[in-house]
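What follows is each chain in one-letter form.
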Amino acid sequence: MKVLIATDKPFAKVAVDGIRKEIEAAGYELALLEKYTEKAQLLDAVKDANAIIIRSDIIDAEVLDAAKELKIVVRAGAGYDNVDLNAATAHNVCVMNTPGQNANAVAELALGLMVYAVRNFYNGTSGTELMGKKLGIHAYGNVGRNVARIAKGFGMEVYAYDAFCPKEVIEKDGVKALSSAEELYKTCNVISLHIPATAETKNSINYALLKDTPKGAVLVNTARKEVINEDELIKLMDERADFKYVSDIMPAAHAKFEELFAERYFSTPKKMGAQTAEANINAGIAAAKQIVGYLKDGIDKFKVN
Ligand code: 3PG
């Protein structure tokens, strides 16, 4: 069996070494395609792969057509909006993610972005503190929970809204559960996004939701750029000189945000949330184990299609 790691944004070497150990211990072979620049390289590399480990790499129908021997794709991470699930199912390919494995890394970055924003991007001027401020966690999944845990250490008042997570689960963590996104955005000084990109959430962070945020509000996005209605965020930031946006996923309109809002907008050049040795090891080795478990014993606990 051949397992391919196909990562445009490579794992730390220590994680690749750990994945190799798992794969070779199972008697399988490991192939590596990193930092590829052309889709053709991916199409070529998947030809004889029985399993693929990816990150935000796009697995569409064309890739699945080229991967004639493929049985399983594991997205080493949380969001699998980069995989065409219907096409995978049609090709009889199992798709999994590795939920929770990189959550702490993303949560730490979210808090780092918050500090950066409230300290005016370290420009030497007087900012504000996070202590005592209201933090709104939009979706209380693995990352949201870690954000809550760390934010409490900062002395923030933590609120959350999640359309699917029961209130009792949220409140057990000492977090105030609100009943709507509108209420969350009206209440909180800092909003941290942790919703996946789905047909329902795309463009859902819009002017109507953001317009009632308190003065000096900060929006932190370590989720996906697609959930933001960028035109409406630009309109809001145009009207509200007090509003800041910090993101770990470069908006499509990055150049415009930079030009218009240089003092209160920041984006990492490449998604950095899960880019730690620890997260790479956790998610990478979990992916390798899930592949071995599936190919040897048919275990499909984390199957998403
Ligand atoms: C995820 O969905 O797990 C995060 O967005 C991390 O994505 P990455 O593996 O591309 O850094």
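Residues numbered from 1 in each chain as written. Predicted model: local features only at pLDDT ≥ 70, side-chain atom pairs only at ≥ 80, totals over all residues. Heavy atoms only, no water.

Attention shifts here to the sheet that holds strand E3 (residues 51-54). Within a sheet, each strand pairs with its neighbour through backbone hydrogen bonds, oriented either parallel or antiparallel. Taken in spatial order, the five strands line up as E2-E1-E3-E4-E5 in an open sheet, and their pairing is parallel. Sheet topology places strand E2 (29-34) and strand E5 (94-97) at the edges, where each strand pairs with a single neighbour. Geometrically, the sheet is characterised by an average inter-axis angle of 20° between neighbouring strands, direction not taken into account. Across four bridges, strand E1 (residues 2-7) lies against E3 in parallel orientation. Bridge assignment links Val 3 to a residue of E3, and that residue is Ala 51. Those strands touched by helix H1 (residues 13-25) are E1, E2 and E3, and its axis lies near 155° from that of E2. (Pairing = 2+ DSSP bridges. Helix = DSSP H or I, 4+ residues; strand = E, 2+ residues; numbered from the N terminus. Axes fitted to C-alpha atoms, helices over the stretch in contact; angles between N-to-C directions. Contact = heavy atoms within 4.5 Å.)

The local shell around the ligand consists of Lys 9, Arg 55, Ser 56, Arg 75, Gly 77, Ala 78, Gly 79, Asn 102, Arg 224, Lys 271 and Ala 274. The separation between an oxygen atom of the ligand and a polar side-chain atom of Asn 102 is 2.9 Å. Within the side chain of Arg 224, one N or O atom sits 2.8 Å away from an oxygen atom of the ligand. Here the ligand, which alone exposes 320 Å², has 95% of that area covered by the protein. (Near = heavy atom within 4 Å. Polar contact = N/O pair within 3.5 Å; in protein donor to acceptor, adjacent residues only side chain to side chain. Areas by Shrake-Rupley, 256 points an atom, 1.4 Å probe, with all protein chains shown as cover.)

Burial along E3 is two-sided: the residues Ala 51 and Ile 53 and Ile 52 and Ile 54 are all buried. As paired elements, E3 and strand E4 (residues 72-75) share four bridges and run parallel to each other. Paired with Ile 54 across the bridge in E4 is Arg 75. (Buried < 20%, exposed > 50% of the residue type's maximum accessible area, 1.4 Å probe, protein only.)

Before going further, it helps to examine the pairing of strand E6 (residues 134-138). With four of five residues buried, E6 lies mostly within the body of the structure. With five bridges joining them, E6 and strand E7 (residues 157-161) adopt parallel strand pairing. Within E7, the residue paired with Leu 135 across the bridge is Val 158. With four bridges joining them, E6 and strand E9 (residues 190-193) adopt parallel strand pairing. Residue pairing in the sheet places Leu 135 in a bridge with Val 190 of E9.

Side-chain pairs of opposite charge can arise where the charged atoms are in close proximity. The final tally for this structure, using the stated rule, is 14 salt bridges. Of the charged contacts in the structure, one is a salt bridge between Arg 20 and Glu 24, with a shortest N-O distance of 3.8 Å. Linking Arg 20 with Glu 24, this pair stays in helix H1, spanning four residues, or about one helical turn. A salt bridge links Glu 22 to Lys 289, with the nearest nitrogen and oxygen atoms 3.7 Å apart. Of this pair, Glu 22 sits in helix H1 while Lys 289 sits in helix H12 (residues 277-297), placing them 267 residues apart in sequence. Since its relative accessible area comes to 25%, Glu 22 is described here as partly exposed. Salt bridges sharing common partners tie together Lys 39, Asp 60 and Glu 62. (Salt bridge = Lys/Arg side-chain N within 4 Å of Asp/Glu carboxyl O.)

Moving on: the packing of aromatic side chains. Overall, the coordinates contain seven aromatic pairs when judged by the stated rule. Where Tyr 116 meets Phe 121, the ring centres are 5.1 Å apart and the plane angle is 85°; that geometry is what we call edge-to-face. Aromatic pair Tyr 245 and Phe 257: ring centres 5.8 Å apart, planes at 40°, arrangement tilted. Taken together, the residues Tyr 245 in strand E11 (residues 244-247) and Phe 257 in helix H11 (residues 254-260) connect sequence positions 12 residues apart. Tyr 245 sits in the buried class, given a relative accessible area of 2%. Take Phe 257: its relative accessible area is 0%, and that puts it in the buried class. Through a chain of ring-to-ring contacts, the aromatic side chains of Tyr 116, Phe 121, Tyr 122 and Phe 266 assemble into a single cluster. Over the face of the ring belonging to Tyr 159 we find Lys 176, whose NZ or CZ atom lies 5.1 Å from the ring centre. (Phe/Tyr/Trp six-rings, centres within 6.5 Å; stacked < 30°, edge-to-face > 60°. Lys NZ or Arg CZ within 6 Å of the ring centre and 35° of its normal.)

A few words on the domain arrangement of the protein chain. You can read the domains of the protein chain as domain 1 (2-101 + 275-297) and domain 2 (103-267). Placing the centre of domain 1 and that of domain 2 at their C-alpha centroids yields a distance of 30 Å. Contacts between the two partners involve eight residues from domain 1 and, on the opposite side, five residues from domain 2. When domain 1 packs against domain 2, the two sides together hide about 470 Å² of surface, and 47% of this comes from carbon and sulfur. The closest approach of N and O atoms between Asp 81 and Arg 224, which form a salt bridge, is 3.1 Å. (Domains from an automatic or database assignment. Buried area = accessible area lost by both parts, 1.4 Å probe.)

This brings us to the sheet that holds E6. What the seven strands build is an open sheet, ordered E8-E7-E6-E9-E10-E11-E12; its pairing is parallel. Each edge of the sheet is formed by a strand with only one pairing partner; in this case those strands are strand E8 (176-177) and strand E12 (265-267). Relative to strand E10 (residues 218-221), E9 is paired through four bridges, and the arrangement is parallel. Counted as the bridge partner of Leu 193 is Asn 221 from E10. Where helix H6 (residues 142-153) meets the sheet, its contacts fall on E6, E7 and E9, and the angle it forms with E6 comes to roughly 170°.

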